[in-house]
Amino acid sequence: QVRLVESGGGLVQAGGSLRLSCTASGRPFSDLSIGWFRQALGKKREFVAAIKMDGSDTYYTDSVKGRFTVSRDNAENTAYLQMNSLKPEDTAVYYCAANLIILLTAREGLYDYWGRGTQVTVSS
């Protein structure tokens, strides 16, 4: 069983930055593709970004391109989501998710393992 734990959320002013971390246990981290999702209050959960098992490819939703960067350190069993130029509309609970699929995907149903989330609040 894979366990994922997110950290790094908090309150930041618009234009600021945060770095989220997702630490995994229970399986070699290099077996896992990682996705980041978010869910704002009253809205459906949406895809944010994903990174392949070896970090060789990434994928972003349009609204975060150029502002967010996903990365990973397999030696540390940790993936990161660097979020810059934050906007109030980025406010949400951010989740990391993992699967064993080689191809990157934004499809929530293809992720087998989920963390409990970390709150990000961006004030205007």
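Refer to the structure above for everything that follows.
Here goes a summary of the coordinates provided. Note that the structure is predicted; figures quoted are calculated from it, not measured. (Residues numbered from 1 in each chain as written. Predicted model: local features only at pLDDT ≥ 70, side-chain atom pairs only at ≥ 80, totals over all residues. Heavy atoms only, no water.)

**Observations regarding the state of the cysteines**
Item 1. Going through the model one piece at a time under the given rule, you end up with 1 disulfide.
Item 2. Between the sulfur atoms of C22 and its disulfide partner C96 the distance amounts to 2.0 Å. Since a negative S-S torsion denotes a left-handed disulfide, the C22-C96 link at about 60° is right-handed. Of the two residues, C22 sits in strand 3 (residues 18–25) while C96 sits in strand 9 (residues 92–99), which places them 74 residues apart along the sequence.
Item 3. Note on C22: relative accessible area 0%, which makes it buried. (Disulfide = S-S within 2.5 Å. Helix = DSSP H or I, 4+ residues; strand = E, 2+ residues; numbered from the N terminus. Buried < 20%, exposed > 50% of the residue type's maximum accessible area, 1.4 Å probe, protein only.)

**Quick word on unusual backbone geometry**
Item 1. Positive phi outside glycine occurs at N77, with the angle close to 55°.
Item 2. Note on placement: N77 falls in the loop between strand 7 (68–73) and strand 8 (78–83).
Item 3. For S85, which is not glycine, the phi torsion reads 50° and is therefore positive.
Item 4. Inspection of the secondary structure puts S85 in the loop between strand 8 and strand 9.

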